Amino acid sequence: MVYHQRYQQRKKGEVGTEEDEECQAFITECANSGYFKRTRPKLLSFLLISLLSCSFILAPHLFYSDATFSLYSLEVENEGLAADKVANAPLGSSISNGTISCDRSSFRSDICIMKGDVRTQSPSSSIFVYRSRDKSSFTNYLWGLVEEHENREELQQEKIKPYTRKWETSTMDTVTELDLIAKKESPGMKHQCDVQHDVPAVFFSTGGYTGNVYHEFNDGILPLYITSQHLSKKVVFVILDFRKWWLMKYGDIISHLSDYPVIDFSADMRTHCFPEAIVGMRIHNELTVDSSLMDGDKSILDFRNLLDRAYRPRVRSLIREQEANQKLSVSVSPTSKSSLRIKRKVHEHSLKRPKLVIISRNGSRAITNENLLAKMAEKIGFRVEVLRPESSTELAKIYWALNSSDVMIGVHGAAMAHFLFMRPGSVFIQVIPLGTAWAAEAYYGEPARKLGLEYIGYQILATESSLYGKYGKDDPVVTNPRSVTKKGWEYTKKIYLEDQTVRLHLRRFRKQLVGAYNYTIDRI
């Protein structure tokens, strides 16, 4: 809902002239190249050196008539191929050593790449990359002469907050800002590396909305997968605004994205050296992965498979624990062999029934007749489990419950992000309270379909909402929720998210359950 309100505001201002876009692109390019830090004499020096470079490059073709090399023909022949390579190239593949390249074109997040001799300095919240003067490279050598002429040590500086909600000022205020600095390596300069790494680093923050499972996946885990999966686990994660509980909660996933221990940037004062650094993360859309933007055409299904690999060992352990407890309860129970056989048959029959999981809420947006809903589902033929996830609930247990389910029911809210744990082809029924229709579809409905789930959005009637009794049937809060949500996020949050419960019309909702049951039976 936060995103909906601010996205719409942003969207209104997105329509601009081509001149605005060109100016922005020009400013970004110039900022990355250090243009604004150069003086007029530097520009003249650069032009002179460029002419000199061209002379060296073109001289052989001016003096030898039998030269077969043509710059123009080569450019034309490779134009299409070059475009394809740029579009699908890995992050940082075309960046020169000792430089910083930033992409700030997305309104969701910035990302910068540093390549070469990269070194951390956590006390100053800085990352340095040093450019050496390589005389074997004529261009680098010429640049070195210009830099020496101007006597400049610092070549480029960028600032970045590595979190994926850059349009939200209040949220970004909780995220540590990093200084990225490219410097010239002086003759005789000696750097001390306390820890030398031979793989790249990805720097990101676990600040922001951390503590909310939707945001933890949408703004953190999924962008981390998108940004790092092409490195095939050969990457070190450096975390700003580090939280130990976050690592404990998502450690199973992190271990399948990286083979190396994570680094707490602010607590680890050592100088860490890397051959490359990716600062910030890319994000595609709500709880999804756009395969057209991924190396190897990876999709949300590939991410789902990674979750399965991450949680499978722990789930197997939980199953063994459950079986051991069942055997123990049987051995101490003074029942006859015949009654045990009856119980075993009942249990086996129960396992053959489709499993339905109800994600339960307390307080706001709770289903107040949840117990009657569960009984109705059992009469239809479901094996029902009521799941009440807390912030401290082990994710592997939630994964186990939903991965083994055929249908999930829940009221719109952050916990609906757990649809990522369901098997493709399963049924996801989202109960949509008044005033939440847009967000329910954008955050969970559309992403669920992309995962391959059979999605059902159940929009409640006004009489199924507690707001009907509180405001009356003719109040705009009930009759025209859109007119209220347009007033801003605070109105939406207070009225529709924090002050509304749901009492389902069971006869009306039963149609959804019967349809889900028949679909599941046919599928099985």
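Residues numbered from 1 in each chain as written. Predicted model: local features only at pLDDT ≥ 70, side-chain atom pairs only at ≥ 80, totals over all residues. Heavy atoms only, no water.

- If you look the protein chain up in an unreviewed UniProt entry, it shows as Glycosyltransferase 61 catalytic domain-containing protein from Prunus dulcis.
- In its Subcellular location (unreviewed entry) section, UniProt records this for the protein chain: "Golgi apparatus membrane". (UniProt positions renumbered as here; feature names shortened; annotations may be inferred.)

**Quick word on empty space enclosed by the protein**
No. 1: All told, the structure shown has two cavities of 30 Å³ or more when counted by the stated rule.
No. 2: Space inside the largest cavity adds up to approximately 70 Å³.
No. 3: For the largest cavity, the full set of lining residues is Tyr163, Phe204, Ser205, Thr206, Gly207, Tyr209, Thr210, His215, Glu216, Asp219, Gly220 and Trp246.
No. 4: Where the lining of the largest cavity is concerned, the elements lending two or more residues are strand E7 (201–205) and helix H7 (213–228).
No. 5: Broken down by element, the residue count for the lining of the largest cavity peaks at four residues, all from H7.
No. 6: Taken together, the residues that form the lining of the largest cavity break down as four nonpolar, six polar and two charged.
No. 7: Its volume calculated, the second largest cavity comes out at about 40 Å³.
No. 8: Contributing to the lining of the second largest cavity are Thr120, Ser122, Val238, Ile263, Phe265, Asp268, Arg270, His272 and Phe274.
No. 9: For the lining of the second largest cavity, the class distribution of residues is four nonpolar, three polar and two charged. (1 Å grid on protein atoms, 1.4 Å probe; cavity = no way out; pocket = protein on both sides within 12 Å on 5 of 7 lines; lining within 4 Å. Points joined across faces, edges and corners; volume = space filled by probe spheres on them. Helix = DSSP H or I, 4+ residues; strand = E, 2+ residues; numbered from the N terminus. Nonpolar A, V, L, I, M, F, W, Y, C, P; charged D, E, K, R; others polar.)

**Some details on the pairing of strand E2 (residues 111–121)**
No. 1: In terms of residue burial, E2 counts as a mostly covered element, since nine of its eleven residues are buried.
No. 2: Here strand E1 (residues 99–103) runs beside E2; their pairing, made up of five bridges, is antiparallel. Bridged to Ile100 within E2 is Met114.
No. 3: With six bridges connecting them, E2 and strand E10 (residues 272–279) associate as antiparallel partners. (Buried < 20%, exposed > 50% of the residue type's maximum accessible area, 1.4 Å probe, protein only. Pairing = 2+ DSSP bridges.)

**Here we look at the pattern of salt bridges**
No. 1: All chains considered together, the criterion is met by 24 salt bridges.
No. 2: Lys355 serves as the salt-bridge partner of Glu385, at 3.0 Å between the closest nitrogen and oxygen. In this pair, Glu385 sits in strand E12 (residues 383–387) while Lys355 sits in strand E11 (residues 355–359), placing the two residues 30 residues apart along the sequence.
No. 3: For Glu385, a relative accessible area of 28% corresponds to the partly exposed category.
No. 4: Lys355 sits in the buried class, given a relative accessible area of 7%.
No. 5: Shared partners join several salt bridges into a network, and the residues in it are Arg104, Asp110, Glu158 and Lys166. (Salt bridge = Lys/Arg side-chain N within 4 Å of Asp/Glu carboxyl O.)

**Notes on helix H18 (residues 506–523)**
No. 1: Relative to the 26 Å expected for 18 residues at 1.5 Å per residue, H18 spans 25 Å between its end C-alpha atoms, a close match to the ideal helical length.
No. 2: All of the buried residues in H18 are Phe509, Leu513, Ala516 and Thr520. Angularly, the buried residues of H18 cover 60° about the axis, an arc narrow enough to put them on a single face. Opposite its buried face, H18 presents the exposed residues Arg507, Lys511 and Asp522, each directed more than 90 degrees away.
No. 3: Buried residues belonging to H18 abut E11, helix H11 (370–380), strand E13 (407–411), strand E14 (427–432) and strand E15 (454–459). (Expected span 1.5 Å × (residues − 1). Arc of directions from axis to C-beta. Contact = heavy atoms within 4.5 Å.)

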